[in-house]
Amino acid sequence: MKLGIVGLPNVGKSTLFNAITSAGAESANYPFCTIEPNVGTVAVPDRRLDFLADMYKPKKYTPAVIEFVDIAGLVKGASKGEGLGNKFLENIRRTDAIVHVVRCFDDENVIHVEGSTDPIRDIDIIDLELIMADLELVTRRLDKVQKAARGGDKRFKREAEVFEALKNHLDAGRSARSFEPGSDEDAALIATSDLLTLKPVIYAANMDEDGIADFENNAYYKSVKERADAEGAQVLPICARTEQELTELDPEEREMFLGELGLTESGLDRLIKCSYSLLGLISFLTAGSDECRAWTITKGTRAPQAAGKIHSDFERGFIRAEIVAFSDLEACGSMAAAREKGLVRSEGKEYVMRDGDVTLFRFNV
């Protein structure tokens, strides 16, 4: 999974990136400090995997990972190449989802590129640039399929109708996410166009320490939440500076610090949960003396396709999956005890994987 961290200059993108990846990206109080995207890979914290590692003492411990990309700050006119526009837009195109960092604090010592704090205006600026870039892409696609449709091919005729409707939708200043296709086939057509505003979004409402301490009553946060709710997006209250300070503490101090702020988990943990929920992802686990590993799959994945995540031979020669729910295994304390209680199930090709399934695949090639 690859998440692109975006936002106007000086809203806290690189500070947040530093905090969640500890990668040391440069962070400074002037626009375009980030030029090339910084990339950091983060292991997904998973206490279930830790439990299995304690049980099996494996030679190898492999958690799921998320790749975060800190993308250069955007300004008005990026869709026309202003600032670092074209490079910025191309970097977003390569991500699975967007973490849009929105400034929700006042600080006269930190320059705001637009001169004042207004999260909805800031969201609109970036949305409009992404919509304009998509409009250009859709217009080119429409021109191409309209020419093909003149030859009488009904498939191209329908494609032209779909993209003409989408073009009008974008032209009205609305994102591709809010466009309602007429059928699954239409949706599949649109999905081939790699649109920026089709990507799911998490709004990271970046507050100062006072703001995060009572975020539900923070006026800036409330305005971002209303926007996210209207779009079906996720919103994450966060203090990027606090998250950066947390990385410098040992686990015990970190827990105490979070407690003082009235938080139970770090921004990284909450961001990961948001990301999995937004993208409809779950993890299944494999365990043994060689390796304990978490595998990320889409909700609704059947057992053979999950096996294929490990190796294509596993999917091709799939016989069955031996599965125990992690909660059952934890309660029993060992795989042997879980087997004795009949909690290890044998599942076939139609089984839909569940989050936390501890799985052994049987196959024959």
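Residues numbered from 1 in each chain as written. Predicted model: local features only at pLDDT ≥ 70, side-chain atom pairs only at ≥ 80, totals over all residues. Heavy atoms only, no water.

Caption draft 1: View of the confidence of the model for the protein. Here the protein averages 86 in pLDDT, and 90% of its residues register 70 or above. Between residues 23-36, whose pLDDT stays under 50, and residues either more than four places distant or in other chains, the model counts 38 contacts. (pLDDT = per-residue confidence, 0-100. Contact = heavy atoms within 4.5 Å.)

Caption draft 2: Structural view of the environment of V42. You can see V42 is positioned in strand β2 (residues 38-43). For V42, a relative accessible area of 6% gives the class buried. Sequence separation between V42 and A64 is 22 residues; the distance between their C-alpha atoms is 8.6 Å. If we skip the residues at most four places from it in the chain, V42 touches I20, T21, A64, V65, I66, F68 and L268. (Helix = DSSP H or I, 4+ residues; strand = E, 2+ residues; numbered from the N terminus. Buried < 20%, exposed > 50% of the residue type's maximum accessible area, 1.4 Å probe, protein only.)

Caption draft 3: Fine view of the pattern of salt bridges. Counted according to the given criterion, the structure contains 24 salt bridges. The partner of D229 in a salt bridge is K225, with the nearest N and O atoms 3.0 Å apart. Taken together, the residues D229 and K225, both in helix α8 (residues 219-231) and four residues apart, mark about one turn of the helix. In this structure K225 comes out as partly exposed when scored by relative accessible area, which is 32%. (Salt bridge = Lys/Arg side-chain N within 4 Å of Asp/Glu carboxyl O.)

Caption draft 4: The arrangement of the nonpolar core in detail. If you look at the biggest cluster of nonpolar residues, it comprises 65 residues, and the most contacted ones within it are F68, Y203 and V358. Discounting residues that sit within four places of it in the chain, V358 has contacts with L52, L285, E322, I323, V324, F326, L329 and M335. (Core = buried A, V, L, I, M, F, W, Y, C linked by side-chain atoms within 4.5 Å.)

Caption draft 5: Structural context of the packing of helix α4 (residues 119-149) against α8. Between α4 and α8, whose axes approach to 9 Å, the crossing angle comes to 40°. Taken together, the axis directions place α4 and α8 in an arrangement best described as oblique. Only Y220, S223, V224, R227 and E231 of α8 make contact with α4, whose side of the interface consists of P119, I120, I123, D124 and D127. A per-class count over the contact of α4 with α8 returns five nonpolar, one polar and four charged. (Axes fitted to C-alpha atoms, helices over the stretch in contact; angles between N-to-C directions. Parallel < 35°, antiparallel > 145°, perpendicular 65-115°, else oblique. Nonpolar A, V, L, I, M, F, W, Y, C, P; charged D, E, K, R; others polar.)

Caption draft 6: Spatial organisation of the packing of aromatic side chains. Applying the stated criterion across every chain, the model contains six aromatic pairs. Considering the side-chain rings of F51 and F326, the 5.4 Å spacing of their centres and the 90° angle between planes classify their relative orientation as edge-to-face. Of this pair, F51 sits in helix α2 (residues 47-56) while F326 is found in helix α14 (residues 326-332), placing the two residues 275 residues apart along the sequence. For F51, a relative accessible area of 22% translates into the label partly exposed. By relative accessible area, which is 6% here, F326 ends up buried. With centroids separated by 5.8 Å and ring planes inclined at 85°, the aromatic side chains of F284 and F361 adopt a geometry described as edge-to-face. Here the residue F284 occupies a position in strand β8 (residues 281-286), and F361 occupies one in strand β12 (residues 357-363), the gap between them amounting to 77 residues. (Phe/Tyr/Trp six-rings, centres within 6.5 Å; stacked < 30°, edge-to-face > 60°.)

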